[in-house]
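Working through the structure, step by step
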Amino acid sequence: MKKDVNHYCNHHQHRSILSFILIQITIIAAVAAPFSDQSSSVPDYGDALSKSLLYFESQRSGRLPHGQRVNWRHHSALLDGLEQGVDLVGGYYDAGDNVKFGLPMAFTITMLSWGVIEYGDDMAAAGEYHHALEAIKWGTDYFVKAHTSPNVLWVQVGDGDTDHYCWQRPEDMATSRRAYKVDEKNPGSEVAGETAAAMAAASIVFRRTNPHYAHLLLQHAQQLFEFGDKYRGRYHESVKAAKGFYPSTSGYNDELLWAALWLYKATTNQTYLNYALQNAHHFGGATWAVKEFSWDIKYAGLQLLASTVRYIFPIFFFRISVSAEYYLCANLNKNVGNDNVQLTPGGLIYIRQWNNLQYASSAAFLLTVYSDHLRSTNRRLSCSAGGHVDPSEILGFVRSQVDYVLGKNPAGTSYLVGYGKRYPQRVHHRGASTASYKSHEGFIGCVQGYDIWYRKRDPNPNVLVGAVVGGPDEKDRFRDVRENHMQTEACTYNTAALVGVFARLNRLEEEEDDPFDEYSSSTIASM
């Protein structure tokens, strides 16, 4: 069955129709639980921040470092790239499977880096700055390896089809580890552009603590941008193995603009800003008004990033700010008519059923960044239906989304695994749902994994701490079963977008003035 593969993380297009129908019936039959004690407790954003960064250690591929804190994981995929004669050991598994997909991995690193750029001081105050840099560097080290020459980028290791027929922890993988690349004859502008953006953003992060490494990342970013722009083409047409899992529905224009802006931010080289200015209209950067921001669609992110850049031409600034504010107002439900994002009865941003929390997470981040930008420039957001919106009201809405994720919702369930008293116990994740390699070193095969571990009704033996799962449906209902992959699978980019937000809200908890009194739950209910 073909699903909306361009907007969810686990991409199980080979699941049976019968399984899907059964899951839908169980969800519809589920009665939303009343708010539990967890829903009324005060969120601990510092704890959420610590747990969110721990999650990335669970997703590591390759040889794990001595400082590895997630002790149920072990070394895996140590021969990646060997068949092609290149070292592709390392990087991250994107979700609950064992494939390394370059496009979502790069977006994950871009968002982690942006979070550190904006809220690194807050992370440091919480004692998590070092862990944040480790999470970024695990990804960028892999990108350096994968970019083997100026016009060659290895963008995927593993085959999604064969991987999804197996239920194996990564330490036991017996599936194909074929590697795929883009080059001059087989272009991939989306993944080249996003990887360039990730390395440019990360270069800003490491500029102070590791200037040599920052320079190395910037060199790679510049080469990748030039490659993606000169040899234009959609990457999933060159890498057919990615098409059923992470196809680029928006095309590559947004990634090229996104990369140019990050390179300008990293270098202040006017060439990159001129590129964005000259191509903004033709590429849709100044004209596309969207309601979502994700690994696929970057327009809202690049519009917001551009609108916070100084010394930009006034006409361009106005056009791109209007598009950015359309997105922000849509998520705040402050646009006229049907130009708003749907909210669940409990107040959560709802875009679609597959991995919906990725959209709530990314919206929370962009709203947080723009709220701080408005505050620093003494401005307010102008929305067509809501007049002027103060930065404090925007941040209040962000807090409502984050608090929902942390358990302040009709189900009384935290969707950040390991946080609070109640959270998903049966996360759709091969490693977490199977006995740890350290306690069960015997080989677990594909069929054995499905028969013994996947179908097991008990909670996962390993807690995937810090993972943000797909989340509830449009009526706030959630079914905690492993087969319900559209709700119980987690993705790296779900959590990545919230790391900076957790840090920002943790600082607010320590400030004397509470800016959220004006934004109560009754405000959400009236939307």
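This one's a predicted model, so the numbers in the text were calculated from it and none came from an experiment.

Further remarks concern the side chain of Glu292. On the secondary structure map, Glu292 appears in the loop between helix H12 (270-283) and helix H13 (299-307). Since its relative accessible area comes to 12%, Glu292 is described here as buried.

Let's shift gears to the UniProt feature "active site" (unreviewed entry) in the chain. In the numbering adopted here, UniProt assigns the feature "active site" (unreviewed entry) to His428. By the secondary structure assignment, His428 is in the loop between helix H16 (391-405) and helix H17 (430-433). At 2.7 Å, the side chain of His428 and the backbone oxygen of Arg482 are in polar contact.

It is worth spelling out the pattern of salt bridges at this point. One pass over the structure, following the stated rule, counts 27 salt bridges. Ionic pairing is found between Glu194 and Lys298, a salt bridge with its closest N-O pair at 2.6 Å. Pair noted here: Glu194 is in helix H7 (residues 189-206) and Lys298 is in the loop between H12 and H13, with a separation of 104 residues, a long-range link. For the pair Glu194 and Lys298, a shared accessibility class is recorded, and that class is buried. Through salt bridges with shared partners, a single network forms among Asp80, Lys100 and Arg177.

Here a disulfide denotes a covalent bond joining the sulfur atom of one cysteine to the sulfur atom of another. Under the counting rule described, the total for this entry stands at 2 disulfides. Disulfide partner of Cys166: Cys446, at an S-S distance of 1.6 Å. Note on the Cys166 and Cys446 pair: the S-S dihedral is about 65 degrees, so by sign convention the disulfide is right-handed. Taken as a pair, Cys166 in the loop between helix H6 (160-164) and strand E3 (179-182) and Cys446 in helix H18 (residues 446-454) lie far apart in primary sequence, 280 residues in all. Judged by relative accessible area, which is 7%, Cys166 ranks as buried. Here Cys329 engages in a disulfide with Cys383; their sulfurs sit 1.9 Å apart. Looking along the S-S bond of the Cys329-Cys383 disulfide, the torsion reads about -80 degrees, which is the left-handed sense. Here the residue Cys329 occupies a position in helix H14 (residues 314-332), and Cys383 occupies one in strand E6 (residues 381-383), the gap between them amounting to 54 residues. For the pair formed by Cys329 and Cys383, the shared burial category is buried.

Reading the values: rules and limits
Residues numbered from 1 in each chain as written. Predicted model: local features only at pLDDT ≥ 70, side-chain atom pairs only at ≥ 80, totals over all residues. Heavy atoms only, no water. Helix = DSSP H or I, 4+ residues; strand = E, 2+ residues; numbered from the N terminus. Buried < 20%, exposed > 50% of the residue type's maximum accessible area, 1.4 Å probe, protein only. UniProt positions renumbered as here; feature names shortened; annotations may be inferred. Polar contact = N/O pair within 3.5 Å; in protein donor to acceptor, adjacent residues only side chain to side chain. Salt bridge = Lys/Arg side-chain N within 4 Å of Asp/Glu carboxyl O. Disulfide = S-S within 2.5 Å.

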